[in-house]
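Below are the chains, spelled out letter by letter.
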Amino acid sequence: MAPAEVISGKTVSAQVRQRLKNQVMEMKERVPGFRPGLAILQVGDRDDSNLYISMKLKAAAEIGIDANHVKLPSTATEAEVLKCIHGLNEDPAVHGFIVQLPLDSKNPINTEKITNAVAPEKDVDGLSSINAGKLSRGDLGDCFIPCTPKGCMELIRQTGVQVAGKRAVVIGRSKIVGAPMHDLLLWNHATVTTCHSKTASLAEEVSKAEILVVAAGKAEMVKGEWIKPGAVVIDCGINHIPDSTRPSGKRVVGDVAYSAAKERAAYITPVPGGVGPMTVAMLMQSTVESAQRFLEKYQPGKWHIQYNKLNPRTPVPSDIEVSRSCVPKPIGQLAREIGLLSDEVELYGQSKAKILLSALKRLKGQPDGRYVVVTGITPTPLGEGKSTTTIGLVQALGAHLGRNAFACVRQPSQGPTFGIKGGAAGGGYSQVIPMEEFNLHLTGDIHAITAANNLVAAAVDARIFHEATQTDQALYSRLVPSVDGNRKFSDIQIQRLQKLHIMKTDPNALTVDEINKFVRLDIDPDSITWQRVLDTNDRFLRKITIGQSLTEKGFSRAAQFDITVASEIMAVLALADSLEDMRRRLARMVVASSKKGVPITTEDLGVSGALAVLLKDAIKPNLMQTLEGNPVFVHAGPFANIAHGNSSILADKIALKLVGKEGFVVTEAGFGADIGMEKFFDIKCRYSGLQPHVVVLVATVRALKMHGGGPTVTAGVPLPKEYTEENLQLLEKGCGNLRKQIQNALSFGIPVVVGVNVFKSDTEAELQLVIRKAKEAGALDAVKCTHWADGGKGTVALAEAVQKASQAPSSFRFLYDVELPILDKIRIIAQTIYGASDVDLLPEAEQKIILYTKQGFADLPICMAKTHLSLSHDPEQKGVPTGFVLPIRDIRASVGAGFLYPLVGTMSTMPGLPTRPCFYDIDLDPATGQVNGLF
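Counting restarts for each chain: residues are numbered from 1 in the order of the written sequence. Only residues with pLDDT of at least 70 are given local features in this predicted model, and only at 80 or more are side-chain atom pairs given and counted; all residues enter the totals for whole chains, interfaces and linings. Each side-chain value is worked out from all heavy atoms of the structure, with water and hydrogens disregarded.

Right, let's talk about the pattern of salt bridges for a bit. A pair can form between side chains of opposite charge whenever their charged atoms are brought close. We define a salt bridge as a contact between a side-chain nitrogen of Lys or Arg and a carboxyl oxygen of Asp or Glu at a distance within 4 Å. The tally for this structure, following the rule as stated, stands at 47 salt bridges. For Lys684, the salt bridge is made with Asp652, and the minimal N-O distance between the two is 2.6 Å. With Lys684 in helix H26 (residues 673-688) and Asp652 in helix H25 (residues 649-659), this residue pair connects regions lying 32 residues apart in the sequence. The residues Lys684 and Asp652 share a single accessibility class, namely buried. Taken together, the salt bridges that share partners define one network made up of Glu346, Lys616, Asp617 and Lys620. Helix numbers and strand numbers start at the N terminus; a helix is a DSSP run of H or I with at least 4 residues, a strand a run of E with at least 2. The classification of residues rests on relative accessible area computed with a 1.4 Å probe and restricted to protein chains. Under 20% of the type maximum is buried, over 50% is exposed, and intermediate values are partly exposed.

Structure follows, in structure tokens:
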């Protein structure tokens, strides 16, 4: 009989690698920039592991696989290894993932627990129990096979011998080779016997084998005479035996006595150069297979999201009933569906989560999606449904048109929630759920702002008190105390010294004059602009007197409370684009002036670092969901009159990355387009650097009739018949307001789509009139929306119009250059957006312009504090008032947030409770813990 043909693993593996290289090139051509990803996790620094890993990395580089060697120190604990595995499981760029065994750790680690922690769909080593179980029951097309047995099968195929019907013997039963080899041969229809150390008559069993695979780990244990003539012999063994003729004193042999076996077998693998090279090649093959499976399901930027199917009832139940009719999916599931990693998500129960800013850093290279802002005509006191439209539009884009779509909305204050307006979760079948969570504490952001704001207020009054009652040296001793005989400036104090041009770091080196400058802020009590806040409507805190306790030694002054969402800290939170930026903005906040007119900041007070600590969690956007299962960021809620009235820049930026190039982020600007939209463009977009694609302007027949001269609309009072019966003449007259707000939007160079929010009393003739007038005024399109009653289905036409508009040419521009004088910027807004003939500065406002220009704040954008119920300063002037002079009674500075806010007319920053507030209807069911009566 002729000697056996040698099956060269080197030759076969080279062929496999070339084939894989071609497949990878095809993948890259199909999806530009795509590369199969392999991660190799190593614990410790074993020499043999390093050698095997270097071979794998070299093979991956040759084929075009992006290989990542993750190395943990030998001090790594089991928990640390599992955490690393979890991260690699979630990494979408990793398609194959192996843990290099053995684990070289000084700590006890359960190897089986580690291998089973690898995601089965990435377990290209095939070592997890799930993959082993699938192999054992024959699911070969739905599992990964351990690389050595897989390589053995490839070598057998190279012989041309048919496995089906053959008698096969496997020597060895390890989980890595023997056991999976048995299953692999069995499901390829061989009759298989597994032998091991306890097998009697081993030679007799071997002699029956037409296919013999040996993985016993004993040098040359299988003798040549045992081999059945004509058998295929696959030797997996790697053993070292003494050999004095070799420089190393040893040589490598297999588990089979090669020379003798070669004379009886038809085919045989050598050692080395047989199975060894195939193991690495099969690892690469499995990685490429995994990448191909990924690409089969892969749609660039496309979420695999589970939407909820709504079953709207007629008549539409209360908002709370609708909210509870749909069980939210676990928020962790939603986070995974939209591409967030688990270590980027902090769960707050099952229905809400905070998203870490590390997500934005990870996604930095991703293209942004389409950016849509929802605004409205000048509203009635009831609101015209901007929030509902925002949610309905996102539901339509996502659940009905299959686009990645994200809503970004403000967090509501508890003031209106318990007052009369109610919450801001949307309504009907277009709302954020669960609405109780949305409208109440959520994750505590507003409470954190309340605490931070009031810490500043306390620091201001305390500093005035201590400076008035202590000498310079006493103040210095308390501000820079001696600890164990040593004094040390804090970082914040070093910054204050530098601001004073005192370039010293040794507290003992300051002169008497320098100590005086350092310790004396010399705050002018009449210049204090910083007020205390509370997230409750409380009219009796609008003006108060503080410091009446005897312990304050007569240092009392008039002060006030604002509602928390009017705090500058809320505006800072909304406009910051990173933790570092928030810290800088908090430090720049001006709370008062010194008696010499120098602005006093929170950094001067030494409180800026503490503020950042109080807000370290509040800066993370809150993730919730719509009724239909779309993602919603609920983050920040600056007052739309006093501040800029938009949700956070960070929420928008993260959402734009998550939706991808073809997705949509829909955000809402507070009140009408003259307020929220103008501030969105001129303040928020100026600081974010983001350019919007579409303006959605919400209009209602009800509000337009009011602008046409209809009776007063009052919350809690039934609507007069003019609003419930068809009246085309009244409606057409009121469409002037719609035309003006469309023109306001177009003045920024962005296409406008009008969404007519349909009420049940609206007639078709009225709706068509509004649509026609909107198009005549320059809207790219105008459509009816029934999202309140129908959910996303009722806003599909709007979504389609928005998609079309997002492709239309645009030339976004700001309304004014920030370098213009303060008065010029105010006048441009008043004349262009409101329709005023001019502005009238009252003496206090004139003095503030002089002061802020002197203090270096003149280049800040303008945030007009004006009523939302009219284009003018007078809430009674409806429609499109003209020829009026806009009175500016005062101007204040939110330097940290980054804007000046002129006060137009009279407004309160602390709303009061009405005669019958909402809380009369709210109660808790003590048996179930369920909130009842909310909306």
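Read on, since the account is not over.
The next thing to look at is the environment of Ile40. Take Ile40: it is sitting in strand E2 (residues 37-43). Placed 30 residues apart in sequence, Ile40 and Val70 show a C-alpha to C-alpha distance of 5.9 Å. Note on contacts: a residue pair is in contact if any heavy atoms of the two residues lie within 4.5 Å. In this view, Ile40 contacts Ile53, Lys56, Leu57, Asn68, His69, Val70, Ile98 and Gln100; residues no more than four positions away in its chain are not counted.

The subject of this paragraph is the environment of Ile742. Mapped onto the elements of the fold, Ile742 is located in helix H29 (residues 728-746). By relative accessible area, which is 0% here, Ile742 ends up buried. Counting along the chain gives 693 residues from Ile742 to Ser49, while the straight-line C-alpha distance between them is 68 Å.

Moving on to the side chain of Lys134. Residue placement: Lys134 occurs in helix H5 (residues 129-136). Note on Lys134: relative accessible area 18%, which makes it buried. Residues adjacent in sequence count toward polar contacts only when both atoms are side-chain atoms; beyond that, a polar contact is any pair of N or O atoms within 3.5 Å, and within protein one must be able to donate a hydrogen and the other to accept it. One polar contact links Lys134 to Asp142, side chain to side chain, over a distance of 3.0 Å.

Here we come to the sheet that holds strand E6 (residues 191-195). Ordered in space as E1-E11-E8-E7-E5-E6, the six strands form an open sheet in which the pairing is parallel. Whereas interior strands pair on both sides, the edge strands pair on one side only; in this sheet they are strand E1 (5-6) and E6. Pairing of strand E5 (residues 167-171) with strand E7 (residues 211-214), which is carried by four bridges, proceeds in the parallel orientation. Along E7, the bridge assignment pairs Val169 with Leu212. Sheet strands in contact with helix H6 (residues 147-159) are E7, strand E8 (232-235) and strand E11 (267-268), and its direction is about 150 degrees off that of E8. An axis is simply a line fitted to the C-alpha atoms; with a helix, the fit covers only the stretch in contact. Between two such axes, the angle follows the N-to-C directions and lies from 0 to 180 degrees. Taken strand by strand, helix H7 (residues 178-186) contacts E5, E6 and E7, and its axis lies near 170 degrees from that of E5. By this definition, two strands are paired if DSSP reports at least two bridges between them.

Here we come to the packing of aromatic side chains. Each Phe, Tyr or Trp ring, with Trp reduced to its six-membered ring, pairs with another whose centre is within 6.5 Å; inter-plane angles below 30 degrees give stacked pairs, above 60 give edge-to-face pairs, and intermediate values give tilted ones. Applying the stated criterion to the full structure yields 14 aromatic pairs. Between the aromatic rings of Phe681 and Phe748, the centroid separation amounts to 4.5 Å while the plane-to-plane angle is 35 degrees, which identifies the pairing as tilted. With Phe681 in helix H26 and Phe748 in the loop between H29 and strand E30 (752-757), this pair connects stretches of sequence that are 67 residues apart. Taking the relative accessible area as the measure of exposure, Phe681 reaches 0% and is therefore buried. Three or more aromatic residues joined by ring pairs make a cluster, and in this case those are Tyr371, Phe680, Phe681, Phe748, Phe812 and Phe814. Look at NZ for Lys and CZ for Arg. If either is within 6 Å of the ring centre and within 35 degrees of the ring normal, a charge sits over the ring. Above the face of the Tyr834 ring, Lys866 is positioned so that its terminal group lies 4.7 Å from the ring centre.

This part covers empty space enclosed by the protein. Site definitions follow a grid-based scheme: protein atoms alone, a 1 Å grid, a 1.4 Å probe that fits but cannot get out for cavities, and for pockets an open set with protein on both sides within 12 Å along at least five of seven lines, plus lining residues having an atom within 4 Å of a point. Grid points are joined across faces, edges and corners, and a volume is the space filled by probe spheres set on the points. Evaluated as defined, the whole model comprises two cavities of 30 Å³ or more. Considered as a void within the structure, the largest cavity measures approximately 50 Å³ in volume. Lining the largest cavity are Phe97, Ile98, Val99, Thr115, Val118, Asp123, Asp125 and Leu127. Among the elements that take part in the lining of the largest cavity, strand E4 (residues 96-99) stands out by supplying three residues, more than any other. For this classification, the nonpolar set comprises Ala, Val, Leu, Ile, Met, Phe, Trp, Tyr, Cys and Pro, the charged set comprises Asp, Glu, Lys and Arg, and every other residue, Gly included, is treated as polar. Looking at the lining of the largest cavity, its residues break down into five nonpolar, one polar and two charged. In this structure, the second largest cavity occupies an estimated 30 Å³ of space. Lining the second largest cavity, in full, are Gln411, Pro412, Gln414, Leu440, His441, Ile446, His447 and Asp535. Here the residues of the lining of the second largest cavity are counted per class, giving three nonpolar, four polar and one charged.

Running from N to C, H6 and H7 point in directions that differ by 40 degrees, and their axes come no closer than 9 Å. Taken together, the axes of H6 and H7 are oblique relative to one another. Crossing hand, H6 versus H7: right-handed. Across the interface between the two elements, Pro149, Lys150, Cys152, Met153 and Ile156 from H6 touch Pro180, Met181, Leu184 and Leu185 from H7. Residues of the contact of H6 with H7, tallied by class, amount to eight nonpolar, no polar and one charged. These descriptions rest on fixed angle ranges, namely under 35 degrees for roughly parallel, over 145 for roughly antiparallel, 65 to 115 for roughly perpendicular, and the rest for oblique. In a left-handed crossing the near helix is turned counterclockwise from the far helix by less than a right angle, and in a right-handed crossing that turn is clockwise.

Here we take up the packing of helix H1 (residues 9-30) against helix H2 (residues 47-63). The geometry of H1 relative to H2 is characterised by a closest axis approach of 8 Å and an angle of 50 degrees between their N-to-C directions. Regarding the angle of H1 to H2, the classification is oblique. Within the contact between the two elements, H1 uses Arg17, Leu20, Lys21 and Val24 and H2 uses Ala59, Glu62 and Ile63. Class assignment of the residues belonging to the contact of H1 with H2 gives a composition of four nonpolar, no polar and three charged.

With that settled, the discussion passes to a nonpolar patch on the surface. Patches here: salt-bridge-free residues with over 30% relative accessible area, like charges joined within 9 Å, nonpolar side chains (Val, Leu, Ile, Met, Phe, Trp, Tyr) joined within 5 Å. Here the accessible surface of atoms and residues is derived via Shrake-Rupley with a 1.4 Å probe, and residues count as covered only by protein chains that are part of the display. There is a patch of nonpolar side chains on the surface, built from Leu51, Tyr52 and Met55 and spanning about 300 Å² of accessible area. You can see Tyr52 is positioned in helix H2. You can call Tyr52 partly exposed: its relative accessible area is 41%.

So, about the pairing of E30. Within E30, six of the six residues are buried, leaving the element largely enclosed by the surrounding structure. Taking every second residue as pointing to the same face, both faces of E30 are buried, with Val752, Val754 and Val756 on one and Val753, Gly755 and Asn757 on the other. With five bridges connecting them, strand E29 (residues 694-699) and E30 associate as parallel partners. Bridged to Val695 within E30 is Val752. Bridge count between E30 and strand E31 (residues 781-785): five bridges; the pairing is parallel. Within E31, the position partnered with Asn757 by the bridge is Cys785. A crossover links E30 with its parallel partner E31, the connecting element being helix H30 (residues 764-776), and its sense is right-handed. By convention, a crossover is right-handed whenever its connection, traced from the first strand over the helix to the second and viewed with the strands pointing away, goes clockwise.

Right, let's talk about unusual backbone geometry for a bit. Between Leu101 and the following residue, Pro102, the backbone shows a cis peptide bond with an omega angle of 0 degrees. Checked against the element boundaries, Pro102 lands in the loop between E4 and helix H4 (111-117). Pro272 follows Val271 through a cis peptide bond whose omega is 0 degrees. Positionally, Pro272 belongs in the loop between E11 and helix H10 (275-297). You will see that His189, though not glycine, has its phi angle at about 75 degrees, which is positive. One non-glycine residue, Ala636, lies in positive phi territory at about 70 degrees. Relative to the elements of secondary structure, Ala636 occurs in the loop between strand E27 (631-634) and H25. Relative accessible area serves as the criterion here: at 2%, Ala636 is assigned to the buried category.

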